Amino acid sequence: MLEFSHLLDESVTAAVKDTELHSVVVPMFNEESVAEQFVARATATLTKLTEYELIVVDDGSEDRTYEILKRLADHDSHLKLVRLARNFGHQTAISAGMALAAGDTVTVIDADLQDPPELIPDMVERWRAGADVVFAVRETRKGETIFKRASASLFYRFIRSFTKMDIPLDAGDFRLMSRRAADALIGMPEHNRFVRGLVAWIGLRRDHVHYHRDPRYAGVTKYSLPKMLRFAADGVLSFSNRPLQLAVWLGFLSSAVSAMLGLYFIVLRLTTNQIVEGWTSLMLVVLFLGGVQLVTLGIVGEYVGRIHDEVRGRPLYLVDETANMGEDLDSHFRRTPLPPR
Ligand code: UDP
Ligand code: MG
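For every chain, the first residue of the written sequence is number 1, and numbering continues from 1 onward in sequence order. Lettering for chains starts from A, numbering for ligands starts from 1, and both go in the order in which the items are written. Local features are withheld for residues below a pLDDT of 70 in this predicted model, meaning they are given only at 70 or higher, and side-chain atom pairs are given and counted only at 80 or more; totals for whole chains, interfaces and linings count all residues. Calculated side-chain values reflect all of the structure's heavy atoms, with hydrogen atoms and water omitted.

## Some remarks on the pattern of salt bridges
Quick note on the threshold: By convention in these notes, a salt bridge is any Lys or Arg side-chain nitrogen within 4 Å of a carboxyl oxygen on Asp or Glu. Exposure is judged per residue with a 1.4 Å probe applied to protein chains only, and the accessible area is read against the type maximum: over 50% gives exposed, under 20% gives buried, and values in between give partly exposed. The numbering of helices and of strands both runs from the N terminus, where a helix is a DSSP run of H or I of at least 4 residues and a strand a run of E of at least 2.
All told, the structure shown has 20 salt bridges when counted by the stated rule. Glu67 is the salt-bridge partner of Arg64, the closest N and O atoms lying 3.7 Å from each other. The exposure class of Arg64 is partly exposed, given its relative accessible area of 42%. Note on Glu67: relative accessible area 52%, which makes it exposed. The closest approach of N and O atoms between Arg83 and Asp320, which form a salt bridge, is 3.9 Å. Remark: Asp320 occurs in strand S8 (residues 319-323) and Arg83 occurs in strand S3 (residues 79-84); sequence separation between them is 237 residues. Residue Arg83 is classed as partly exposed on the basis of its relative accessible area, which comes to 27%. Judged by its relative accessible area of 35%, Asp320 falls in the partly exposed class. Salt bridges linked by common partners bring Arg230, Asp234, Glu302 and Arg306 together as one network.

Right, dumping it as structure tokens:
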């Protein structure tokens, strides 16, 4: 769907053929306090690789992030910028950057220096040894709250058992993908993008490197609690129909309980003179069933909402402008914010 190759500079495509080109994709949302430091540290490492491009996706920042990046990009043609039309969210920003990456490998990394860019050459080594997807797995996580660590650990274990997808434990979005793995991911048009799950779905040859996660270099987390909950819901709902099956079981369970209760009351009525008193128990049953029905309806609603997202067929994101992407692409986005088809 997102096909840019015909717009890429001929000379770039030619260069890819005789030397390796490594793309690094970084989403940034209000990261003015780390942007410059990130670019400096990443560039210092990446210059050790043959050819590279550092693609920063500005996910609708409202601070000076883009200004800072633009100034840096004016002096460094390796630094390529994509500015989205608004905040589309972390997972979509990653997809936007990947769609524009031309490399033989595409690595995704966070901007806050929690994930060390110095690890990328090791990941490239694994790719040279034949891996299609190289995950960077966190051994320790410094500077994150107990709540964040506990919820993350619980989340990964839960989603693995729930979706039956082989999502590696404690690997975030820091990973390297081969050209064919990246193409497979870009080719998936779904709107509710849980990239970790999509990568697990692709399969192919996988490898790992391990690292110790540093605290955020500066600034605060851009994942608020509601964003985290949405993210978790996306993970479960776009990879599993089990919530729907749970709803069915809940229905069977309450039918079974009510059948047994009914039987008990009939027997009681026929064998004794006892009349069942009822307001409290009646209220409880009515409220319980009302609750079960609303929850079930909500689960179905979540799926219907997602179907609605997909059938509207809107593009995943709009690009406001790009820089250093080559004159063709840069001017294309100045005319129309839509990715070319
Ligand atoms: N991010 C983004 N759009 C968003 C939220 C986050 O592009 O809507 C970027 C953010 O700038 C960072 C990365 O995604 O580079 C991870 O975000 P953050 O470090 O805040 O998340 P955490 O590490 O706390 O889970
Ligand atoms: Mg972070």
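Now that the structure has been shown, we can carry on.
## Notes on the sheet that holds S3
Using the following cut-off: Paired strands, in this sense, are two strands between which DSSP finds at least two bridges. Only C-alpha atoms enter the line fits that serve as axes; for helices the fit covers just the stretch in contact. Angles between N-to-C directions range over 0 to 180 degrees. Should any heavy atoms of two residues lie within 4.5 Å, those residues are counted as being in contact.
Within the open sheet, the eight strands sit side by side as S7-S5-S6-S4-S1-S2-S3-S8. Their pairing is mixed. A single partner strand is all that each edge strand has here, and the edge strands are strand S7 (206-213) and S8. Taking the axes of each pair of neighbouring strands and ignoring which way they run, one obtains an average angle of 20 degrees across the sheet. Pairing of strand S1 (residues 21-28) with strand S2 (residues 51-58) involves eight bridges; the strand directions are parallel. Across the sheet, Pro27 pairs through a bridge with Val57, a residue of S2. Against the sheet, helix H5 (residues 120-128) touches S1, strand S4 (105-108), strand S5 (133-141), strand S6 (171-178) and S7, its axis set at about 50 degrees to S6. Relative to S6, helix H8 (residues 195-202) is tilted by about 45 degrees, and along the sheet it contacts S5, S6 and S7.

## Some points on helix H9 (residues 225-237)
Keep this limit in mind: In this scheme, a helix's expected span is set at 1.5 Å multiplied by one less than its residue total.
Relative to the 18 Å expected for 13 residues at 1.5 Å per residue, H9 spans 18 Å between its end C-alpha atoms, a close match to the ideal helical length. Listed as buried for H9 are Phe231, Asp234, Gly235, Val236 and Leu237. In this fold, the buried residues of H9 make contact with helix H4 (90-100), helix H6 (146-163), H8, helix H10 (242-271) and helix H11 (279-312).

## What to know about the pairing of S4
Every second residue of S4 is oriented toward a common face, with Thr105 and Thr107 on one face and Val106 and Val108 on the other, all of them buried. Alignment of S1 against S4, held across four bridges, turns out to be parallel. Residue Ser23 lies in a different strand from S4, and its bridge partner there is Val106. Note: S4 against S6, four bridges, orientation antiparallel. Opposite Val106, over in S6, you have Met177 as the bridge partner.

## Things to note about the pairing of S6
Summarising burial for S6: eight of the eight residues are buried, a large majority. As paired strands, S5 and S6 are joined by four bridges and run antiparallel to one another. Each residue of the ladder has a partner; that of Val134, found in S6, is Leu176.

## Some details on the side chain of Asp59
We apply this condition: For the purpose of counting charges, residues Lys and Arg are taken to be positive, whereas Asp and Glu are taken to be negative. His and the chain ends are not included. Two N or O atoms count as a polar contact when they lie within 3.5 Å, although within protein this holds only if one can serve as hydrogen donor and the other as acceptor, and sequence-adjacent residues are included solely when both atoms are side-chain atoms.
Within the secondary structure, Asp59 sits in the loop between S2 and helix H3 (65-73). In this structure, Asp59 is buried with no salt-bridge partner, the nearest side chain bearing the opposite charge being Lys227 at 6.0 Å. At a separation of 2.9 Å, a polar atom in the side chain of Asp59 contacts the side chain of Asn87. Among all residues touching Asp59, those that are not within four sequence positions of it are Met28, Phe29, Leu84, Arg86, Asn87, Phe88, Gly89, His90 and Ala93.

## What about the coordination of the magnesium ion (ligand 2)?
Stated precisely, the cut-off is as follows: Counted as donors are N, O and S atoms no farther than 2.8 Å from the metal, or 3.2 Å for Na, K and Ca; water is not among the atoms, and sites may therefore look incomplete.
The coordination sphere of the magnesium ion (ligand 2), as far as protein atoms go, consists of Asp112 (OD) and Gln114 (OE1), spread over 1.9 Å. The pair Asp112 / Gln114 is uniform in exposure class, with both members buried.

## Concerning the site of ligand 1
The cut-off we apply is this: Nearness is judged by heavy atoms alone; a residue qualifies as near a molecule or strand once a single heavy atom is within 4 Å of it. The accessible surface values rely on the Shrake-Rupley method and a 1.4 Å probe; as for residues, cover is taken only from the protein chains in view. Side-chain classes follow a simple rule in which Ala, Val, Leu, Ile, Met, Phe, Trp, Tyr, Cys and Pro form the nonpolar group, Asp, Glu, Lys and Arg form the charged group, and the remainder, Gly included, forms the polar group.
Near ligand 1 you find 18 residues, and of these Glu31, Asp59, Asp112, Thr221 and Lys222 are the closest. One of the backbone nitrogen or oxygen atoms of Phe29 is found 2.9 Å away from an oxygen atom of ligand 1. Within the complex, the protein chains bury 95% of what would otherwise be the 530 Å² of accessible surface of ligand 1. Per-class residue counts for the shell around ligand 1 are five nonpolar, five polar and eight charged.

The quantities given are spatial measurements derived from coordinates; they are silent on function.
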